[in-house]
Amino acid sequence: MKEVPAGVGWAEALTSEGDDFGVKPVLDGTVALVTGASSGIGAATAAALAAQGAAVALAARRGDRLEALAASITGQGGTALVLECDITDQQQAATAVQRTVAELGRLDTLVNNAGVMLLGPVAGAPLPEWQQMVQLNVLGLLYCAHAALPHLLRAAEDGPRQVADMVNISSVAGRAARNGNGVYSLTKHGVGAFSESLRQEVARRYVRVSLVEPGATATELATHNRPEVLQAIRSQFGQTMEAGDIADAITYIVTRPRHVAVNEMLIRPTEQER
Ligand SMILES: NC(=O)c1ccc[n+]([C@@H]2O[C@H](COP(=O)([O-])OP(=O)(O)OC[C@H]3O[C@@H](n4cnc5c(N)ncnc54)[C@H](OP(=O)(O)O)[C@@H]3O)[C@@H](O)[C@H]2O)c1
């Protein structure tokens, strides 16, 4: 393999056309499944992993959004598979994983990103909001993890990188509960506990389980709240990060060499205090 010429950054070299410098993108030959890929952090992450050479499976309910993202990825020479599905349905979550393996050949990376954040006081909260958060943030993530794990273990044994990744997206709310985020915080604390337990279980088999805990990030996430809650959220909103900032962090995690596991990453906008 040739040296990268002086003055050419690794990032430029990795994303340069073809084999100009003889440097292969780090995730070349690998397959990543990203849940919640139709907007926000998931869409940015899928694009970022594709730019690193991964074939990407895009899972969410809004198929038109996924088709547009897939067209953009394939237009840049990448490979993308659209999986229109609702991962709160166990069968649909399992089928998304099965189709990824059947149509893209394997599974090296699962980014468990799909989530919903419905805030407000516990007293008088609409129960369907709690049910939706538990069904997606907890059960949806578990269904995907359960279906994907055998494939990740296999990828770590025989894959091009001899390592596989499950990246679970939690939140600052997964570290500290605040007045007004009771059930969202409950679900994200659960994601943290599950991730750490699974990390210990599979560490020696080279499946890295990582937890990412973003602070305020400009996406559609808050817009699903009731108007009165949304108003309260907006009045507290200060500086925000971009979805691409979190995609960068996820890309960093999954491109580490085999012997390095980034277990946990808490990322806030610089001005966010809590
Ligand atoms: N934005 C923030 O400030 C922030 C901070 C901390 C943590 N997070 C976490 O980051 C993750 C991504 O959120 P985001 O900020 O990027 O928000 P977003 O733009 O609202 O993205 C949420 C994604 O989840 C998908 N989704 C929702 N219900 C689904 C279902 N039943 N089945 C499959 N996919 C479903 C949505 O797609 P469809 O509607 O098309 O299904 C969408 O692609 C979430 O886990 C969130 O808790 C975000």
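Scroll up to find the structure.
Residues numbered from 1 in each chain as written. Predicted model: local features only at pLDDT ≥ 70, side-chain atom pairs only at ≥ 80, totals over all residues. Heavy atoms only, no water.

A.B. asks: Honestly, the environment of Gln-132 in this entry has me stumped. Any pointers?
C.D. replies: Relative to the elements of secondary structure, Gln-132 occurs in helix α5 (residues 127–158). C-alpha separation for the pair Gln-132 and Gly-115, spaced 17 residues apart in sequence, amounts to 9.4 Å. Not counting residues up to four positions away in its chain, the partners in contact with Gln-132 are Val-116 and Leu-118. (Helix = DSSP H or I, 4+ residues; strand = E, 2+ residues; numbered from the N terminus. Contact = heavy atoms within 4.5 Å.)

A.B. asks: I keep staring at the nonpolar core and nothing clicks. Help me out?
C.D. replies: Proteins that are soluble and globular tend to have nonpolar side chains buried together. Judged by nonpolar contacts, the single largest core of 43 residues is most densely connected at Leu-33, Leu-152 and Met-166. Broken down by secondary-structure element, the contributors of at least two residues to this core are β2 (55–60), β3 (80–84), α4 (90–104), α5, β5 (164–169), α6 (182–202), β6 (207–214) and α7 (227–236). The element best represented in this core is α5, accounting for 11 residues. Discounting chain neighbours no more than four positions away, the residues touching Met-166 are Leu-110, Asn-112, Ala-145, Leu-149, Leu-152, Leu-198, Arg-208, Val-209 and Ser-210. Listed in part, the 32 residues of the second largest apolar core include Val-34, Leu-66, Ile-250 and Ile-253. (Core = buried A, V, L, I, M, F, W, Y, C linked by side-chain atoms within 4.5 Å. Buried < 20%, exposed > 50% of the residue type's maximum accessible area, 1.4 Å probe, protein only.)

A.B. asks: Help me out: how do you make sense of empty space enclosed by the protein in this one?
C.D. replies: Summary: where empty space remains is shown by rolling a probe the size of a single water molecule over the atoms. Across all of its chains, the model carries two cavities of 30 Å³ or more by this definition. Volume-wise, the largest cavity comes out at about 70 Å³. If you go around the largest cavity, you meet 15 residues; those closest to its centre are Leu-118, Gly-120, Trp-130, Gly-182 and Val-183. Its residues assigned to classes, the lining of the largest cavity comprises nine nonpolar, four polar and two charged. As a volume, the second largest cavity reaches approximately 40 Å³. Lining the second largest cavity are Leu-27, Thr-30, Asp-108, Thr-109, Arg-161, Val-163, Ala-164, Asp-165 and Val-254. The class makeup of the residues in the lining of the second largest cavity is four nonpolar, two polar and three charged. (1 Å grid on protein atoms, 1.4 Å probe; cavity = no way out; pocket = protein on both sides within 12 Å on 5 of 7 lines; lining within 4 Å. Points joined across faces, edges and corners; volume = space filled by probe spheres on them. Nonpolar A, V, L, I, M, F, W, Y, C, P; charged D, E, K, R; others polar.)

A.B. asks: How do you make sense of the site of the ligand when you look at a structure like this?
C.D. replies: Ser-38, Arg-61, Arg-62, Tyr-184 and Thr-219 are the nearest of the 30 residues found near the ligand. Here the ligand has 890 Å² of accessible area as a free molecule, and 95% of this is covered by the chains. Contributions of two or more residues to the shell around the ligand are made by α2 (40–51) and α6. Looking at the shell around the ligand residue by residue, the classes come out as 12 nonpolar, 13 polar and five charged. (Near = heavy atom within 4 Å. Areas by Shrake-Rupley, 256 points an atom, 1.4 Å probe, with all protein chains shown as cover.)

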